[in-house]
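# Residue-level structural notes
Residues per chain, in single letters:
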Amino acid sequence: MHNYKLTRRDFLKASGASLFLSGIPLPGFTNENPPGNISVIILEGGMDGLTAVPPFGDPNLEKMRSSLIPENYLKLNSFFGLHPSLKKLSSFMATNNASIVHATSFPYKKRSHFEGQNLVEGGGLSPFSEKTGWLGRSLELAKIPGRALSLDMPLILRGYSENDNFFPANIQNSNKINNNLIDTLSKVHSMDSAKVFQKVKQKSIENLGNIPRDAESLAEYAGNAMSIKGGPVASVIRLDDFDTHASQGDGEGKDHGERLAKIDNVIAAYKRGLGTAWDKSIILTLTEFGRTVAMNGTWGTDHGYGTVGLIAGGTIKKSRVIAKWPGLAKNEQYEQRDLMATIDYRSVCAACIEKSLGLDHDLIASQVFFDSKLPRVFDFIFS
Amino acid sequence: MRRFKNLLIFLILSSANVVSANYLDDWPDDALCGWMQQSSPPKYMVEEVKKRGILCTDGIASIDPNASSDESSNTSEIEIYDIVFSEDVLEELIQIAPQESAAEFTKSFEQYQLANLQNQLICGFKIRRVVYENNMEGEVEDWNMAQGSLIINGSKVTLDGKWKTGGLSNDPKYMKEEVNLRLTRDGHIVGKMAYFHLNINNGEIPRKPLFIELKKHQKSKPLNYKSIDSYSAAEIWIDVEDWAGGIMTLFNCKDSKEIEKKKLAKEKAEKLYEESLAKDKAEIRLLNKIYQPKVEGPNTVFNINYLDGVFRANSAPENAKKIHDDELHKAHIRGVIESDQLNKNFTLNSLASIRESEDFTVLVLITNENEIATLKDFAKPSIEHCGKLPGWWWDKLSFVISTSDIKIAKKQKCYFNFFNNRTNSEAKKLYRAILSASSSIVSYLESNVDR
């Protein structure tokens, strides 16, 4: 049995912030030393992977979407490029700390944000089939429930045990809240309602300091929290506005370029916050689907299927683009419109869990993603 | 019979779960997925879907479209595309800063022709918000978002001031470290800087600054640094967001040489002042024997402090004809000076008058009279030795009652020393007696003789 020595008081003292942990694991029932940490950047709206990582070596790219190809993309090799907004990611690639998985997706083809987001967070076999998320279940399996850091409590993090959430919403004068009143209110409610009041009370007395609430600052804060021994091992940050139906643009200052720059900044902020813990960290993006290959009539793209996953962290030892390239010709596209996904992104998530939480792939496949046949792509990413 | 029926129903119901599992074995995948469309599909059906490892999409079952049942064959076609950067690109990529910073802009200055000022230029600056919401031309708000000094060395521009928008803007590092600006040859200020566009009140969540680029803006009024007379003001317009931007106004620009010159002059003046103050202090100490210095407003006034003598008149004063307009209270006075210090009474019979100005009050006596004729021999040499006091003439002696002019006070001290050093003890004693009673004589004249 492990003797988990970190007390709540110790943790609060060490971390300097306390909102994100209510469920400190019980002594003896937790994995004391998970091998790493994992952070997921959820890109809501369906990111266009063909713009982020243009496969310029495919002759059909120019034919299909000449107006959406970024002008000054960085050539990663003779086939793939990188959008100029992803400058810091390119720097991480130069130092062998970032990789890309292309033509990938969760196996969801219906192109609905609502369903797609639920599926990629829940990790079940169909939308709305799970009330917990794949990351939350992974934390449960690794015996480190509750040690999660998040802006809200997304499905992806929900486990069977309670996780707490974190968001620096220190509203003016919130520290002067009347706790006696809250106690009284709490007493006249029962169960969950009472818990809500107690949580309000708890959060009102926690000193958050000056934490900006832009995604970049929060990522830095999260990284810092995860770098502390005994701190959280998972975090999730959401970025929205990737649903680029119109005026998507092709360059740095354009809509999609600005969105990509946000991802870039968030990954870099994680690195700053993590410090030396970067070496055992893995950060991956997650989006519900990709976009159509061809541009639509409003200079944008519509909901599609295949996309890219961006992965960064010190656990990556060799940067690369990993793909089973399906081609962009009409007959190579999914339903003659979308980039075909040829790598199940659940496998990528599974590999990241395997690396960061030290779980066996078969266990992840069967108990996190409920698909015992889920391919293992660990070696492609981490070898 | 009825009891048997109930037992049968109970057995059927209690074995439903077991039966259902076997029963579902015969269900096609699509049929199961049809049930998955429901908001709350039966738990045993969900378990069966998981067990089969099928994916349900829109009520249709599918296996992972990219994977066969053989894991190795699923991944065998995956390719690794190695990253290939040239050495130059690699070097450039490695140098990319992990955090947005104004320093990143340095390379971009290559696109500009930069100024190269010989002397340092220092201006005041203020940044105000320009709002475009109601007016395309922009409305300048009447408060300063930031202010301080702008310093130009060569072409490099640094700011020494502070933001006033609250939150993180209170941290001086942004003004100090996150400003990377240059002056162009045509007087524009270009580059990148941390910019706190929004007000953050106490208690509100702080926001990181924007890193905005200053360009040659069409509306800007560049700095005419070549003409010292006209470069007192410049306006640098800044594009920030669609709804609002900023305007940096430069004012009161000064060349460092001019500033240095003024600084030196000021230092010199201060030094002289301190020296003269020190000298005055020493001199004031020397005057202490006969004068009590007193600071009145901007001046130090010296009042006679040698006052143990008292004049007592023996007869009424006789008014004398004024030869000069400034001979006030002029009269022949007759009486006695009583001096405890000298332990002797002195007869005084002399023509006396008062001289007054903003700087002094002086008693003037004619030494021709018998009673003080003993001073007559010393009047001329004392004047030659010490200089002329107000009311001077060769047969007169002046006694300064009060003055704000230290030079006059010093002269009076000189006369005192002159007579004090005389071997003629009678003249010495008489001079000291008159000086000690001078204030009393002046009071007598003022009270008894017309002005």
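What counts and what doesn't
Here the residue index of a chain counts from 1 through its sequence in written order. Each chain gets a letter, beginning with A, and each ligand a number, beginning with 1, in the order they are written. Under the rules for a predicted model, residues below a pLDDT of 70 receive no local features and side-chain atom pairs below 80 are neither given nor counted, while totals for whole chains, interfaces and linings still include all residues. With hydrogens and water excluded, all non-hydrogen atoms of the structure serve as input to the side-chain values. Only DSSP runs of H or I reaching four residues or more are called helices, and only runs of E reaching two or more are called strands; each is numbered from the N terminus. Residue exposure (1.4 Å probe, protein chains only): buried if accessible area is under 20% of the type maximum, exposed if over 50%, otherwise partly exposed. The contact criterion used is simple: two residues touch if any of their non-hydrogen atoms lie within 4.5 Å. Buried area: the accessible surface (1.4 Å probe) lost by two parts on joining, summed over both. One side-chain nitrogen of Lys or Arg within 4 Å of one carboxyl oxygen of Asp or Glu is enough to make a salt bridge. The classification used treats Ala, Val, Leu, Ile, Met, Phe, Trp, Tyr, Cys and Pro as nonpolar, Asp, Glu, Lys and Arg as charged, and all other residues, Gly among them, as polar. When two cysteine sulfur atoms lie within 2.5 Å, the pair is treated as a disulfide. Patch building starts from residues that exceed 30% relative accessible area and form no salt bridge, then joins like charges within 9 Å and nonpolar side chains (Val, Leu, Ile, Met, Phe, Trp, Tyr) within 5 Å. Values of accessible area rely on a 1.4 Å probe in the Shrake-Rupley scheme; residue burial ignores everything except the protein chains shown. All axes are obtained by fitting lines to C-alpha atoms, using only the stretch in contact for helices, and the reported angles, taken between N-to-C directions, cover 0 to 180 degrees. We call two directions roughly parallel when the angle between them is under 35 degrees, roughly antiparallel when it is over 145, roughly perpendicular when it lies between 65 and 115, and oblique otherwise. For two strands to be treated as a pair, DSSP must find no fewer than two bridges joining them. Two rings from Phe, Tyr or Trp (for Trp, the six-membered ring) form a pair when their centres sit within 6.5 Å of each other. Planes less than 30 degrees apart are called stacked, planes more than 60 degrees apart edge-to-face, and all others tilted. Comment: the charge-over-ring label is applied if NZ (Lys) or CZ (Arg) is within 6 Å of the ring centre and within 35 degrees of the ring normal. Helices are assigned an expected span. That span is 1.5 Å times one less than the residue count. For a residue, the bend is simply the angle between two axes, fitted respectively to the seven-residue segment ending there and the seven-residue segment starting there. We call a crossing left-handed when the near helix sits turned anticlockwise from the far one by less than a right angle, and right-handed when that turn is clockwise. Buried residues of nine kinds, namely Ala, Val, Leu, Ile, Met, Phe, Trp, Tyr and Cys, make up a nonpolar core once their side-chain atoms join them within 4.5 Å. In predicted models, pLDDT denotes the confidence assigned by the predictor to each residue on a 0 to 100 scale.

### Looking at the overall build of chain A
Of the regular secondary structure elements, chain A holds 13 helices and 10 strands. Per-residue burial over chain A gives 62% buried out of 383 residues. Considering only contacts within chain A whose residues lie at least 6 apart along the sequence, 73% involve residues at least 24 apart.

### Section: the overall build of chain B
Summing up its helical and strand segments, chain B has 11 helices and 20 strands in all. Considering only intrachain contacts with a sequence separation of at least 6, the fraction spanning at least 24 residues in chain B is 58%.

### Considerations on the interface of chain A and chain B
Residue-level contacts link 57 residues of chain A with 42 residues of chain B. Surface buried jointly by chain A and chain B totals about 4,400 Å² across both partners, of which 60% is contributed by carbon and sulfur atoms. By the criterion of area lost to chain B, the three top residues of chain A are Leu125, Lys324 and Phe380 of chain A, representing 14% of everything that side buries. Counting across the chain A and chain B interface gives 1 salt bridge. Residue Lys208 of chain B pairs with Glu220 of chain A through a salt bridge whose shortest N-O separation is 3.9 Å. At the level of elements, strand E2 (74–75), helix H4 (87–94), helix H9 (215–227), helix H10 (255–274), strand E9 (320–323) and strand E10 (343–344) of chain A are the ones that each hand at least two residues to the side of chain A that touches chain B. Residue composition of the side of chain A that touches chain B, by class: 27 nonpolar, 11 polar and 19 charged.

### Quick look at the state of the cysteines
Enumeration over the complete set of coordinates arrives at 2 disulfides over all chains. The residue that forms a disulfide with Cys123 of chain B is Cys253 of chain B, at a sulfur-sulfur distance of 2.1 Å. Torsion about the S-S bond of the Cys123 of chain B and Cys253 of chain B cystine: about 110°, corresponding to right-handed handedness. Separated by 130 residues along the polypeptide, Cys123 of chain B in strand E4 (residues 121–131) and Cys253 of chain B in strand E12 (residues 244–255) bring together distant segments of the chain. When sorted by exposure, Cys123 of chain B lands in the same class as Cys253 of chain B, which is buried. What pairs with Cys386 of chain B in a disulfide is Cys414 of chain B, and their sulfur atoms sit 2.1 Å apart. On the sign convention where negative is left-handed, the bridge of Cys386 of chain B and Cys414 of chain B, at about -80° about the S-S bond, is left-handed. Of this pair, Cys386 of chain B sits in helix H9 (residues 376–386) while Cys414 of chain B sits in helix H10 (residues 406–420), and the two are 28 residues apart along the sequence. For Cys386 of chain B, a relative accessible area of 10% translates into the label buried. Of the cysteine sulfurs around Cys349 of chain A, a residue in no disulfide, the closest is that of Cys352 of chain A, at 6.6 Å.

### Focus: unusual backbone geometry
All names here are of chain A. Unusually for a residue other than glycine, Asn96 sits at a positive phi of about 60°. The topology assignment puts Asn96 in the loop between H4 and strand E4 (98–105). Even without being a glycine, Ala103 presents a positive backbone phi close to 55°. With respect to the helices, strands and loops of the structure, Ala103 is situated in strand E4.

### Notes on a nonpolar patch on the surface
Residues and elements named next belong to chain B. Together, Trp392, Trp393 and Trp394 make up an exposed nonpolar region whose accessible area comes to about 310 Å². Tracing the backbone shows Trp392 in the loop between H9 and strand E20 (396–403). Note on Trp392: relative accessible area 31%, which makes it partly exposed.

### A few points about the packing of H4 of chain A against H10 of chain A
Residue and element names in this part refer to chain A. The geometry of H4 relative to H10 is characterised by a closest axis approach of 7 Å and an angle of 50° between their N-to-C directions. Taken together, the axes of H4 and H10 lie oblique to each other. Residues Lys87, Lys88, Leu89 and Phe92 of H4 touch H10, and the partners they reach there are Asp264, Asn265, Ile267, Ala268 and Lys271. Looking at the contact of H4 with H10 residue by residue, the classes come out as 4 nonpolar, 1 polar and 4 charged.

### Some remarks on the pairing of strand E11 (residues 233–238) of chain B
Residue and element names in this part refer to chain B. Of the pairings in the sheet, the one linking E11 to E12 comprises 6 bridges and is antiparallel in character. Of the residues in E12, the one forming a bridge with Trp237 is Ile247. Between E11 and E12, which pair antiparallel and follow one another directly, the connecting turn spans 5 residues.

### Digging into the packing of aromatic side chains
Residues and elements named next belong to chain B. Applying the stated criterion to the full structure yields 25 aromatic pairs over all chains. Through a chain of ring-to-ring contacts, three or more aromatic side chains come together here, namely Phe378, Phe399, Phe418, Phe419 and Tyr431. Lys126 extends its terminal NZ or CZ atom over the ring of Phe251, reaching a point 5.9 Å from the ring centre.

### A word on the side chain of Glu130 of chain A
With respect to the helices and strands, the residue Glu130 of chain A is situated in the loop between helix H5 (113–122) and helix H6 (134–141). Residues in contact with Glu130 of chain A, not counting those within four places in the same chain, are Gly122, Gly124, Arg137, Leu155 and Phe370 of chain A together with Lys50 of chain B.

### Details of helix H11 (residues 425–448) of chain B
In a regular helix each residue adds 1.5 Å, so 24 residues correspond to 34 Å; H11 of chain B covers 32 Å between its end C-alpha atoms and thus fits that length. Of all the bends in H11 of chain B, the greatest, near 55°, is centred on Ser438 of chain B.

### Here's the deal with the packing of helix H11 (residues 345–357) of chain A against helix H12 (residues 361–368) of chain A
Residues and elements named next belong to chain A. Look at H11 against H12: their axes get within 9 Å of each other, and the N-to-C directions meet at 125°. The angle between the axes of H11 and H12 places the two elements in the oblique class. Where H11 crosses over H12, the handedness of that crossing is right-handed. Facing Ala350, Ile353 and Glu354 of H11, the residues of H12 in contact are His361, Ile364 and Val368.

### Observations concerning the nonpolar core
Residues and elements named next belong to chain A. Grouped together as the largest cluster of nonpolar side chains are 53 residues, with contacts concentrated most on Leu76 and Tyr270. Per-element tally for this core: the top contributor is H10, with 8 residues. Beyond its immediate chain neighbours, meaning those up to four positions away, Tyr270 contacts Ser39, Ile41, Ala219, Glu220, Ala222, Gly223, Met226, Ser235, Val236, Ile237 and Ile283.

### Things to note about the confidence of the model for chain A
Residue and element names in this part refer to chain A. Considering every residue of chain A, the mean pLDDT works out to 81; 74% of them sit at 70 or more. Mean pLDDT values for the elements of chain A range from 33 in helix H1 (residues 8–15) up to 98 in strand E8 (residues 307–312). Low confidence marks residues 1–30, where pLDDT is under 50. Its contacts with residues over four positions away, or in another chain, come to 68 contacts. Note that pLDDT drops below 50 for residues 168–174; the model gives that stretch 16 contacts with residues more than four away or on any other chain.

### Focus: the pattern of salt bridges
Applying the stated criterion across every chain yields a total of 29 salt bridges over all chains. Among the salt bridges present, the one from Asp371 of chain A reaches Arg346 of chain A, with a minimum N-O distance of 2.8 Å. Taken as a pair, Asp371 of chain A in the loop between H12 and helix H13 (378–382) and Arg346 of chain A in helix H11 lie far apart in primary sequence, 25 residues in all. Asp371 of chain A sits in the buried class, given a relative accessible area of 4%. Judged by its relative accessible area of 1%, Arg346 of chain A falls in the buried class. Shared partners join several salt bridges into a network, and the residues in it are Asp326, Glu327, Lys330, Arg355 and Lys396 of chain B.

### Focus: the environment of Lys109 of chain A
All names here are of chain A. Tracing the backbone shows Lys109 in the loop between E4 and H5. Taking relative accessible area as the criterion, Lys109 reaches 21% and is therefore assigned partly exposed. Sequence separation between Lys109 and His303 is 194 residues; the distance between their C-alpha atoms is 9.6 Å.

### Quick word on the environment of His188 of chain B
Residue and element names in this part refer to chain B. Positionally, His188 belongs in the loop between strand E8 (179–183) and strand E9 (189–195). Along the sequence, His188 and Lys216 sit 28 residues apart, while their C-alpha atoms lie 6.0 Å from each other. With residues near it in sequence (within four places) discarded, His188 still touches Arg182, Leu183, Lys216, His217, Ser220 and Pro222.

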